[in-house]
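The chain contents come next:
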Amino acid sequence: MGNEIVIHSETDLRSKIYTIRGVQVMLDFDLAEIYGYETKNFNRQVKNNIEKFDNDFMFQLSDDEVEYFSRCKIFTLNTGRGSNIKYKPYAFTEQGIYMLMTVLRGDLAIRQSKILVRLFKGMKDFIVEREHLVGYDEVAKLALQTSQNTKEIAEIRTEIKEKMATKADITQIIEDFSNTEIKKDFLFLNGRSVKADLAYQEIYSQAKETIFVIDNYIGLKTLVLLKSVPENVKITIFTDNLKKGLHKKEYDDFCKEYPNVTISFKRTNGIFHDRYIIIDFGTENEIIYHCGASSKDAGSRVCSITTTADNEIYKPLIENLLKNQEVVL
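Here we summarise the structure given alongside this text.

1. A few points about the nonpolar core
Where a protein is soluble and globular, its nonpolar side chains tend to be buried together. Residues Tyr204, Ile211, Ile263, Phe265 and Ile277 are the most contacted members of the largest nonpolar core, which totals 36 residues. At the level of secondary structure, the elements contributing two or more residues to this core comprise β5 (186-189), α10 (196-204), β7 (210-214), β8 (234-238), α12 (248-257), β9 (263-266), β10 (275-279) and β11 (287-291). With 5 residues, α10 is the largest single contributor of residues to this core. Those residues in contact with tyrosine 204, other than ones at most four positions away along the chain, are Ile211, Val213, Leu225, Leu226, Val229 and Ile277. Counting 22 residues, the second-largest nonpolar core is a separate cluster that includes Ile17, Ile34, Met58 and Phe92.

So, in structure tokens, the structure goes:
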């Protein structure tokens, strides 16, 4: 390792985030500086653990990309004889940066990992809190990506427990990242404090045949939370789509992104006020959840999701719902 170089300014860190191939990335030489490594030693650490870095975690810039960014004076690289590029940097996506936590060790790595995690978190919060000022496409893409990141961070955390030498420190990073005071996106699932996205994953993962969501106020996040449901599970959302929270364009974009997930929509005809999730209705695996808020608002305010103990009283109501007309978005 080289000298420890700590970058305190958030502005400095933001200036090292580039958009390449449509995603936000940081480059190996910048990350090496942030973590106190020489670039070749930084890349050696990554190559020694290359099985952890899939193509959507890390990729090498092409000659054309290096030439373009060099020409724009975004960064300058050494060249060999003539004008040939001697070194093509590696770009790390947000998921790749999280994975670096399981590879790089030492006090400086711990400190810088915390800074980078909170930086990406802050950038997402900034966009979401100002979504009325941002175009629809950018917000939709962010919502889909954030849900995927939640799953990937959870997987990284499991791996850390088994393989990371400084597991206590890295676990603390993840605890910091998912602290309720920082993220404020937890809910209570049967009395347990659970991150909202993971709570819905836990509920939906139990389904073997059907998922019914009863909610008159739906939105893009309602769909996003269903994206990992196996394709053999049939999903029906019962809603009157009040205030037109979900638009056809959002639904069409979701279907393009996740073609294996099929969702149908039926009306509630105004007879439901509360929200419910019914897993495998009419089977021995049936579970009914009463939800204190719409899934589109999952985690934005304190709410609870609890299983009901009196499923029989809901049976005629749900059977009538199944006879209702389809919703036109």
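2. Let's talk about the sheet that holds β10
Spatial ordering of the open sheet is given by β6-β5-β12-β11-β10-β7-β8-β9, a layout of 8 strands whose pairing is mixed. On the outer flanks of this sheet lie β6 (192-195) and β9, each paired with one strand and no other. The average undirected angle you get between the axes of adjacent strands in this sheet is 20°. Sheet topology places β11 next to strand β12 (residues 304-307); 3 bridges connect them, and they run antiparallel. Looking at the pairing, cysteine 291 lines up with isoleucine 305 of β12.

3. Considerations on the sheet that holds strand β3 (residues 58-60)
With respect to topology, 4 strands assemble into an open sheet ordered β1-β2-β4-β3, the strand pairing being antiparallel. What marks the edges here is a single partner per strand, and that holds for β1 (18-20) and β3. The mean inter-strand angle of the sheet, taken between neighbouring strand axes irrespective of direction, is 45°. When β3 meets strand β4 (residues 90-93), the two strands line up antiparallel, connected through 3 bridges.

4. Here's the deal with the side chain of aspartate 28
Within the element layout of this structure, aspartate 28 appears in helix α2 (residues 28-35). Buried within the structure, aspartate 28 lacks any salt-bridge partner; lysine 47 is the closest side chain of opposite charge, at an N-O distance of 8.1 Å. A distance of 3.1 Å separates a polar atom in the side chain of aspartate 28 from a polar atom in the side chain of asparagine 43.

5. Some details on the environment of asparagine 285
Of note, asparagine 285 is situated in the loop between β10 and β11. Asparagine 285 sits in the partly exposed class, given a relative accessible area of 23%. In sequence terms asparagine 285 and glutamine 206 are 79 residues apart; their C-alpha atoms lie 8.6 Å from each other. Look past the residues within four positions of asparagine 285 in its chain and what remains in contact with it is Gln206, Lys208, Ile279 and Asp280. Here the side chain of asparagine 285 touches glutamine 206 through a polar contact of 3.2 Å, landing on its backbone oxygen.

Analysis parameters
- Residues numbered from 1 in each chain as written.
- Predicted model: local features only at pLDDT ≥ 70, side-chain atom pairs only at ≥ 80, totals over all residues.
- Heavy atoms only, no water.
- Core = buried A, V, L, I, M, F, W, Y, C linked by side-chain atoms within 4.5 Å.
- Buried < 20%, exposed > 50% of the residue type's maximum accessible area, 1.4 Å probe, protein only.
- Helix = DSSP H or I, 4+ residues; strand = E, 2+ residues; numbered from the N terminus.
- Contact = heavy atoms within 4.5 Å.
- Pairing = 2+ DSSP bridges.
- Axes fitted to C-alpha atoms, helices over the stretch in contact; angles between N-to-C directions.
- Lys, Arg positive; Asp, Glu negative; His and termini not counted.
- Salt bridge = Lys/Arg side-chain N within 4 Å of Asp/Glu carboxyl O.
- Polar contact = N/O pair within 3.5 Å; in protein donor to acceptor, adjacent residues only side chain to side chain.

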